[in-house]
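Fold and contact review
If you want the building blocks of each chain, they are given just below.
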Amino acid sequence: MPYTETKTTGYGSRLSSSFKSIGFGFILIIIATVLLWRNEGNAVRTAHDIKEVGNNATHVENIQTIAPEGQLIHANGIAKTGDMLTDPEFKLSVNALCLEREVKYYQWVEHAKVTTRDKMGGSQEEETTYTYQCEWVNNPVESKDFHDPQYRYINNNIATPRIHEHSVYASNISFGAYRIPESFIKSVAHCASKEYPQLNIDPEILKSLNKSMGEAQSTGSRIKSNISKMFGSGNDSTSYEWVHVSGNEIYLGQSASSPNAGDMRIIFTAYQPSAEISLVAVVKGNSFTEYQTKNNNKTNYIMSGTKTLEEMMQSAEESNEMWTWGFRILGVILVCLAFKMLFGFLVTLLKVVPFLASILNWGISIICTILGLVYSIIIIAVAWIFYRPLLGACLIALAAGIAGGLIYWGATRKKKDTATESI
């Protein structure tokens, strides 16, 4: 059953909060302005860095021969390792660029739905409905703050072993005659295809895990009446009542097909021991380091597959453009919200008559959106002039030319009309 809480806020409190929001609105405008300004600067600097790398990099066809020290190169080839990676807790070993252990917990999760109603006289009634359901999550959910007393501490009562996510990376990766440096390893490893290893876990580890899970569950809130039915059932790939191994997953619980709160899934993923990559970096001995641009930014590019230098730079430009537009949109949204906070007190003043306040709120929302767009465009335009002075000067000259042309056209027309009237 849903659990509902109702809170009523008086008209005076709402007015006080709306006036306080004016200060937050000014702060938000400052934050949004800085974001929009710096975003344009970062976009320009990153674009210059990409162009600089593209102009200075030299394609190396044969990666079996080491290029001169300090040279910025572009190369394609196979990155591979012979390392055997071992999960420290489960002693699973596999030849791979990366071995990941992912852990999922089946926990009670609280969801809230808020409904607000304005009442005559200016007060507001806020009704919050809380619902609860079990879901697979990445971390145990703290339930002591759940609002429904019946569900409070429910996850705390479900005792389970604490097993965390873990990743192991190969330390010896070759790229032709080169060695991949430690700072590049994660990027290289994630270029490889994923594979899902069949688990061959030491029975003693499974036995210990089964015991821990059983003891945890017996002290928790779960009723243990059906445990005896699980012994010797032979329905799973292991003979343990709480541990079931299938493919690349270890399931902790009575039944993987019917999960209960407190169950866990431990999933292993390996990245194949070789990956075809394209790389742009500076040669350092028989390894690589990042390239330092004229803007004092350090950068390197590693991508999956065989890509030309031009393709890599185009991909980098597209990524830069995507991030730039993403932050532009975020900045515009923040500015619009800030203006809404500045003028929100006008709506609150009229809340004594909810119908009229709704109409005013609709109008102010439109006005604040227009103001936010105009303000953001002005900031972006000024930033363009600052960071791209040549382009900015051209834009100013164009705008001045258009303005001058309109003024001249208006003056000429007025003079012609005057002459016509005198005739």
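This report concerns the structure included in the present document.

What counts, and at which threshold
Residues numbered from 1 in each chain as written. Predicted model: local features only at pLDDT ≥ 70, side-chain atom pairs only at ≥ 80, totals over all residues. Heavy atoms only, no water. Helix = DSSP H or I, 4+ residues; strand = E, 2+ residues; numbered from the N terminus. Buried < 20%, exposed > 50% of the residue type's maximum accessible area, 1.4 Å probe, protein only. Contact = heavy atoms within 4.5 Å. Areas by Shrake-Rupley, 256 points an atom, 1.4 Å probe, with all protein chains shown as cover. Core = buried A, V, L, I, M, F, W, Y, C linked by side-chain atoms within 4.5 Å. Pairing = 2+ DSSP bridges. Polar contact = N/O pair within 3.5 Å; in protein donor to acceptor, adjacent residues only side chain to side chain. Salt bridge = Lys/Arg side-chain N within 4 Å of Asp/Glu carboxyl O. Patch = residues over 30% accessible without salt bridge, like charges linked within 9 Å, V, L, I, M, F, W, Y side chains within 5 Å. Axes fitted to C-alpha atoms, helices over the stretch in contact; angles between N-to-C directions. Parallel < 35°, antiparallel > 145°, perpendicular 65-115°, else oblique. Left-handed = near helix turned anticlockwise from the far one by under 90°. Nonpolar A, V, L, I, M, F, W, Y, C, P; charged D, E, K, R; others polar.

1. Some remarks on the overall build of the chain
Looking only at helices and strands, the chain has seven helices and 19 strands in total. Looking at the chain as a whole, 39% of its 423 residues are labelled buried. Of the contacts formed within the chain by residues at least 6 apart in sequence, a portion of 72% connects residues at least 24 apart. As presented, the chain carries roughly 23,900 Å² of accessible surface, and 58% of it is formed by carbon and sulfur atoms.

2. Some words on the side chain of serine 376
Considering the arrangement of structural elements, one finds serine 376 in helix 6 (residues 354-387). If we ignore the near neighbours within four places in the chain, the residues touching serine 376 are Leu36, Gly331, Val332 and Val335.

3. So, the nonpolar core
Counting 55 residues, the largest nonpolar core has Phe90, Phe175, Ile180, Ile250, Leu252 and Phe288 as the members making the most contacts within it. When near neighbours in sequence (up to four residues on either side) are disregarded, isoleucine 180 contacts Ile173, Phe175, Ile185, Val188, Leu279, Ser287 and Phe288.

4. A short note on the pairing of strand 12 (residues 243-246)
As defined by bridge partners, strand 12 adjoins strand 13 (residues 249-252) across four bridges and the pair is classed as antiparallel. Its bridge partner being in strand 13, valine 243 is matched across the sheet by leucine 252. Counted along the chain from strand 12 to the antiparallel partner strand 13, the turn is two residues long, and its residue glycine 247 has a positive phi close to 60°.

5. Observations concerning the environment of tyrosine 130
As for its position among the elements, tyrosine 130 is in strand 7 (residues 124-137). Remark: the alpha-carbon pair of tyrosine 130 and tyrosine 3, spanning 127 residues in sequence, is separated by 5.1 Å. A distance of 3.2 Å separates the side chain of tyrosine 130 from the side chain of histidine 147, its partner in a polar contact.

6. Quick word on the pattern of salt bridges
With the rule as written, the count across this model stands at eight salt bridges. Here glutamate 102 ties to lysine 104 by a salt bridge, and the two come within 3.4 Å at their closest N and O atoms. Overall, the relative accessible area of 30% leaves glutamate 102 in the partly exposed class. The salt bridge partner of lysine 207 is glutamate 204, with a shortest N-O separation of 3.7 Å. Placement of the pair is lysine 207 and glutamate 204 together in helix 3 (residues 203-219), with a separation of three residues, close to one helical turn. On the basis of relative accessible area, lysine 207 is assigned to the partly exposed category, the value being 45%. Several salt bridges share partner residues, and in doing so they unite Asp87, Glu89 and Arg101 into one network.

7. Things to note about the environment of arginine 265
As for its position among the elements, arginine 265 is in strand 14 (residues 264-271). By relative accessible area, arginine 265 is classed as partly exposed at 23%. Along the chain, arginine 265 and valine 103 lie 162 residues apart, while their C-alpha atoms are 5.7 Å from each other. Not counting the four nearest positions on each side in its chain, arginine 265 is found in contact with Glu102, Val103, Lys104, Trp136, Glu249, Ile250 and Tyr251.

8. Re the pairing of strand 3 (residues 72-81)
Taken across its 10 residues, strand 3 has seven buried, putting it largely inside the fold. For strand 3 and strand 15 (residues 274-284), the ladder comprises nine bridges, and the chain directions are antiparallel. Paired with asparagine 76 across the strands is serine 278, a residue of strand 15. Note that strand 3 and strand 9 (residues 173-175) share three bridges and pair antiparallel. Each residue of the ladder has a partner; that of threonine 81, found in strand 9, is isoleucine 173.

9. Section: a nonpolar patch on the surface
A cluster of nonpolar residues, Trp362, Ile366, Ile370, Val374, Ile378 and Val382, forms a patch on the protein surface that exposes about 580 Å² of accessible area. Tracing the chain through its elements places isoleucine 366 in helix 6.

10. A few points about the packing of helix 1 (residues 11-56) against helix 5 (residues 309-349)
Think of two packed helices as two axes; the pair is described by the angle between the axes and how far apart they sit. For the pair helix 1 and helix 5, the least separation of the axes is 7 Å and the interaxial angle reads 165°. With respect to each other, helix 1 and helix 5 are oriented roughly antiparallel. The element helix 1 and its partner helix 5 pack so that their crossing is left-handed. Per-class residue counts for the contact of helix 1 with helix 5 are 31 nonpolar, 10 polar and four charged.

11. Thoughts on unusual backbone geometry
Trans is the prevailing form of peptide bonds, just as negative phi is the prevailing case for residues other than glycine. Of note, lysine 91 is a non-glycine position whose phi angle comes to about 55°, a positive value. Mapped onto the elements, lysine 91 comes out in the loop between strand 4 (84-86) and strand 5 (93-95). In this structure, asparagine 296 is a non-glycine residue whose phi angle is positive, near 65°. Looking at asparagine 296, the relative accessible area reads 58%, which means it is exposed.

12. So, the packing of helix 1 against helix 6
The interhelical angle for the contact between helix 1 and helix 6, taken along N-to-C directions, is 40°, at an axis separation of 9 Å. For helix 1 against helix 6, the interelement crossing comes out right-handed. Of helix 6, the residues touching helix 1 (which contributes Ile29, Thr33, Leu36, Trp37, Glu40, Gly41, Val44 and Arg45) are Tyr375, Ser376, Ile379, Ile380, Val382, Ala383, Trp384, Phe386 and Tyr387. Residues that form the contact of helix 1 with helix 6 fall into these classes: 12 nonpolar, three polar and two charged.

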